[in-house]
Amino acid sequence: MMADGSSGSVEIRDATKRFGGVTAVDGVCLTVRPGTFSALLGPSGCGKTTLLRLVAGFESPTRGSILIGGEPMDDVPSYRRPANTVFQHYALFPHMDVERNVGYALRQQRPRIDRSEQRRRIDEALELVQLGGYGKRHARELSGGQQQRVALARALISRPQVLLLDEPLSALDAKLRHAMQLELKQLQQQLGITFVFVTHDQQEAMSMADRVAVMRDGRILQEAPPEHVYDFPADTFVADFVGTMNLFRGRLVTREGDTATVQTPAGTKLVGCALSHDLLSPGQPAALAVRPERIVLSLGAERAAGPSSAVTALRAHVRTRTFLGDQVSYQADSPDVGRVTVLQARTAAGTDGLAAPGDQVTLEWALDVAHVIPDTGKEAAEHGADVGLNPPPKESGR
Amino acid sequence: MDRLLRGYGAAVYLFLFVPIAVVVVFSFNAGEHVAELTGFSLRWYVEAWTNPFIVEAFRTSITVALTSATISMFLGTAAALAMPSAPRRLRRTFDVMVNTALVVPGIVLGISLLIFIVTATNWLNSWIAYLVPSSDLRLGLGFASLVAAHSVFGTALVTILVRTRLASMDLRVIEASADLYAPPLRTVCTVTLPLLAPAIFAGFLLAFTFSFDDFIIAFFTRGRAETLPIYLFASIRRGVSPVVNATASSLLAMTVTCLAVAAVVFWRRGSNRTEKGIP
């Protein structure tokens, strides 16, 4: 409808939503630029779906406001908002066939759209999601993936400014989910419609979105391009939730410009880059975060990079080695920092040159791949067990 | 132990259904006497359905049942639709009241409705007499009060059935409709009501059956209106004739048919159509 530059933008201004005593969304500010693919990422119960429902108009904010295409949506009911939703379990109308489901939005328009035009647009929408010829089928005769496509076509048929997707792929099996991820991304680029995508799957968010907003307890912790979120997580929660991360927890000792030092409970001092503005007072909980694939593992006590102040080197012994095909994953115990996960690319066949459980190894990483970030305590509940947690080293390891 | 239980179950069913079976079997009896079987005949059915009193009572019953079931259908559906958006406390109170209407013994409901209707009509009558002294319109017990009384119970039935269906429905289809530009009233017409139709229809049939069968509430609130159960009761006092058997059996056949249709509609069609979008 609108041709100006703000069409398709979503702006959330200090939105808060309370249900009784529970604050589901807590003072969120977020701007989604037109034509981009944004992901709201977080564990279940973090408020991401509620935030989406505020944008769709199914809930109204307790405080704050929502703007779509630059227009305030305060008094605009969901049936007048230029945003359409793809629901988690599709919510297809069970008493209508595919065609009537897809054409539903067209039938609501006044003045009425004539039959042949409706037909043309329904066929076009079905072609778009590769379901041409399925119009007369009944929704319950379709597979999960096909129902998903019907839901997409139904939401896209009137070309909304914004498409809201509420965990639309969560009910699909892994293979289909990957295929749909690619397809969604392509569709978004082809149509140029703003997509806001809610998910608890960090891989999904990373692979599709232009920007990722990581949420926890109703707040956005970090909002940035996926590479940035991965490389420069804002705090330990984001670091742990997105990908696999070694977190060496302790307290902040010093902060000088872009570098900071953390002291672990074992007394080890670790140096890393510090970008966070929340990292100022010595003694506050902080952690050094290093990605497993950034750590260089070498056998024995020699250092691969040679002695240098720009490199941290730790001695450790390997506990487990896991074969992952193109990579090898190690769990190593260091007397200084505890459990460390290392990911090594496999360059040769067989196990030659790989460390084995029990081997003494040296772990090294450059200063610029290690980040000192605020320690927010609680971990991502769904994650946890196998990822980046550092249980204190066994006493026998010393 | 298993066989013992099964035997016990069979005994319970026998106890429940033998009296009914006796009535049905004897309704086809050729003989004049209720006590002895002499052969198969439909003569008592012919006699029953050519009896002007029975036909008239049947017509009254059908009219009352259709009217009260229709009223119940509208009121019950509206109540069920409105409830989810009502404040919690109001909703709780309403739920309790609706359930109470179903479990209160018929005789209590009958007496309280009688007292209420008599009080209400007296009060209204005094106003009519005061406002329009020339009119000799006087409200009292009769067809209308009977319909009103049956509608109370029927509304509770429909409300509960529709609420059950609504609760098991994927409410996101209603949100989806709003999301796809349908204003609230159109969502009700194109999504909510079609999905609730089986429950509404089943509720209508149950309310109809209840009203058609009911003796106790009708006994108190009917005034001079005579329904089929009331007629049967009156004629039994003159002795059990085979005509009574035939009439009762006809009533039974109708009731069972209605209930069976209601059950099929509510359980089979209903659950199929409102299933969530997951295969």
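**Student:** I'd like a description of the overall build of chain A, backed by residues and values.
**Tutor:** Regarding its fold elements, chain A presents nine helices and 20 strands. Each of the three principal axes of chain A carries a C-alpha extent, and together these read 80 × 50 × 35 Å. Residues classed as buried in chain A amount to 52% of the 398 residues present. In chain A, the share of contacts with a sequence separation of at least 24, taken over all contacts with a separation of at least 6, comes to 68%. On chain A, roughly 17600 Å² of surface is accessible, and the fraction owed to carbon and sulfur atoms is 50%. Between the averaged position of the 44 positive side-chain charges in chain A and that of its 46 negative side-chain charges there is a distance of 5 Å.

**Student:** Go over the sheet that holds strand E18 (residues 338–345) of chain A with me, naming the residues and quoting the values.
**Tutor:** Residues and elements named next belong to chain A. Read across the open sheet, the five strands follow the order E15-E19-E16-E17-E18; overall the sheet is antiparallel. The open sheet has two edge strands with one neighbour each: strand E15 (296–299) and E18. Across this sheet, the average inter-strand angle for adjacent strands is 40°, counted without regard to direction. Across six bridges, the pairing between strand E16 (residues 311–323) and strand E17 (residues 327–334) is antiparallel. Residue pairing across strands places Val318 opposite Ala332, the latter belonging to E17.

**Student:** Go over helix H4 (residues 115–128) of chain A with me, naming the residues and quoting the values.
**Tutor:** Note: α-helices contain 3.6 residues per turn, so residues at a spacing of three or four share the same orientation. All names here are of chain A. Between its first and last C-alpha atoms H4 spans 20 Å; for 14 residues at 1.5 Å apiece the expected length is 20 Å, and the two agree. The set of residues buried in H4 consists of Gln118, Arg121, Ile122, Ala125, Leu126 and Leu128. Seen end-on, H4 carries its buried residues on one side only, within an arc spanning 155°. Exposed side chains of H4 directed beyond 90 degrees from the buried face belong to Ser116 and Glu127. At its buried positions, H4 is contacted by helix H2 (98–102), helix H3 (104–107), helix H5 (144–156) and helix H6 (174–191). Looking one or two residues past H4, Gln130 carries a phi angle of roughly 60°, positive in sign.

**Student:** Report on the environment of Asn101 of chain A, specifying residues and quantitative values.
**Tutor:** Residue and element names in this part refer to chain A. One can find Asn101 in helix H2. The exposure class assigned to Asn101 is buried, which follows from its relative accessible area of 0%. In sequence terms Asn101 and Val150 are 49 residues apart; their C-alpha atoms lie 7.7 Å from each other. Setting aside anything within four residues of it in sequence, one finds Asn101 in contact with Leu92, Phe93, Met96, Ala139, Val150 and Arg154. Here Phe93 takes part through its backbone nitrogen, which lies 2.8 Å from a polar atom of the side chain of Asn101.

**Student:** Can you break down a positive patch on the surface residue by residue, with the values?
**Tutor:** On the surface, a cluster of positive charge is contributed by Arg100, Arg110, Arg112 and Arg115 of chain A. Take Arg115 of chain A: it is sitting in helix H4.

**Student:** Go over the sheet that holds strand E2 (residues 22–32) of chain A with me, naming the residues and quoting the values.
**Tutor:** Residue and element names in this part refer to chain A. Strand order in the open sheet formed by four strands is E2-E1-E4-E5, and the pairing between neighbours is antiparallel. Two strands in the sheet have a free side with no partner beyond their single neighbour: E2 and strand E5 (71–72). In this sheet, E5 lies alongside strand E4 (residues 63–68) in antiparallel orientation, the contact comprising two bridges. Counted as the bridge partner of Leu67 is Pro72 from E5. Its contacts with the sheet place helix H1 (residues 48–56) against strand E1 (10–19), E2 and E4, and it is angled at close to 115° to E1.

**Student:** Quick rundown of the nonpolar core? Include the residues and the values.
**Tutor:** Inside soluble globular proteins, nonpolar side chains tend to come together where they are buried. Judged by nonpolar contacts, the single largest core of 117 residues is most densely connected at Ile12, Val102, Leu152 and Leu163 of chain A. Element by element, the count of residues in this core is highest for helix H8 (residues 184–213) of chain B, at eleven residues. Look past the residues within four positions of Ile12 of chain A in its chain and what remains in contact with it is Val28, Cys29, Leu30, Leu51, Val55, Ser65 and Ile66 of chain A. Counting residues in hydrophobic clusters, the runner-up holds 29 residues, among them Phe248, Val290, Val361 and Val372 of chain A.

**Student:** If you had to explain the pattern of salt bridges to someone new, which residues and values would you point to?
**Tutor:** All names here are of chain A. Inspection of the entire model under this criterion finds 23 salt bridges over all chains. In this structure, Asp14 and Arg63 form a salt bridge, with 3.3 Å as the shortest nitrogen-oxygen distance. In this pair, Asp14 sits in strand E1 while Arg63 sits in strand E4, placing the two residues 49 residues apart along the sequence. A salt bridge links Glu117 to Arg120, with the shortest nitrogen-to-oxygen separation between them at 3.2 Å. Separated by three residues within a single helix, Glu117 and Arg120 lie in helix H4, roughly one turn from each other. When its relative accessible area of 27% is taken as the criterion, Glu117 is described as partly exposed. Connected via shared salt-bridge partners are Glu117, Arg120, Glu124 and Arg159.

**Student:** Would you mind going over the interface of chain B and chain A in detail, with residue names and values included?
**Tutor:** Counting residues at the interface gives 25 residues for chain B and 33 residues for chain A. Together chain B and chain A conceal approximately 2400 Å² of surface at their shared face, both sides included; 58% is due to carbon and sulfur atoms. Ranking the residues of chain B by area buried against chain A places Asp179, Leu180 and Tyr181 of chain B at the top, with a combined share of 30%. Inspection of the region where chain B meets chain A yields one salt bridge. Arg53 of chain A is the partner of Glu175 of chain B in a salt bridge, and the nearest nitrogen-oxygen pair spans 2.6 Å. Seen at the junction of chain B and chain A, the total is nine residue pairs in polar contact (both at pLDDT 80 or more).

**Student:** If you had to explain the packing of aromatic side chains to someone new, which residues and values would you point to?
**Tutor:** Residues and elements named next belong to chain A. Under the defined criterion, the tally for this structure stands at 19 aromatic pairs over all chains. Look at Phe237 and Phe241: their rings are 5.8 Å apart centre to centre, the planes differ by 10°, and that puts the pair in the stacked class. Here the residue Phe237 and the residue Phe241 both occupy positions in helix H9 (residues 236–241), the gap between them amounting to four residues, near one helical turn. Given the relative accessible area of 1%, Phe237 is considered buried. For Phe241, a relative accessible area of 0% translates into the label buried. For the pair Phe248 and Trp365, a centre-to-centre distance of 5.7 Å together with 15° between the ring planes defines the contact as stacked. A residue pair is termed long-range when its members are at least 10 positions apart, and Phe248 in strand E11 (residues 246–256) and Trp365 in strand E19 (residues 360–366) qualify at 117 residues. The aromatic ring of Phe93 is capped on one face by Arg154, whose charged end is 4.7 Å from the ring centroid. A cation sits over an aromatic face here: Arg291 above Tyr230, 3.8 Å from the ring centre.

Quick notes on the rules
Residues numbered from 1 in each chain as written. Chains lettered and ligands numbered in written order. Predicted model: local features only at pLDDT ≥ 70, side-chain atom pairs only at ≥ 80, totals over all residues. Heavy atoms only, no water. Helix = DSSP H or I, 4+ residues; strand = E, 2+ residues; numbered from the N terminus. Buried < 20%, exposed > 50% of the residue type's maximum accessible area, 1.4 Å probe, protein only. Contact = heavy atoms within 4.5 Å. Areas by Shrake-Rupley, 256 points an atom, 1.4 Å probe, with all protein chains shown as cover. Lys, Arg positive; Asp, Glu negative; His and termini not counted. Charge placed at Lys NZ, Arg CZ, Asp CG, Glu CD. Pairing = 2+ DSSP bridges. Axes fitted to C-alpha atoms, helices over the stretch in contact; angles between N-to-C directions. Expected span 1.5 Å × (residues − 1). Arc of directions from axis to C-beta. Polar contact = N/O pair within 3.5 Å; in protein donor to acceptor, adjacent residues only side chain to side chain. Patch = residues over 30% accessible without salt bridge, like charges linked within 9 Å, V, L, I, M, F, W, Y side chains within 5 Å. Salt bridge = Lys/Arg side-chain N within 4 Å of Asp/Glu carboxyl O. Core = buried A, V, L, I, M, F, W, Y, C linked by side-chain atoms within 4.5 Å. Buried area = accessible area lost by both parts, 1.4 Å probe. Phe/Tyr/Trp six-rings, centres within 6.5 Å; stacked < 30°, edge-to-face > 60°. Lys NZ or Arg CZ within 6 Å of the ring centre and 35° of its normal.

Taken by themselves, the reported measurements are silent on function.
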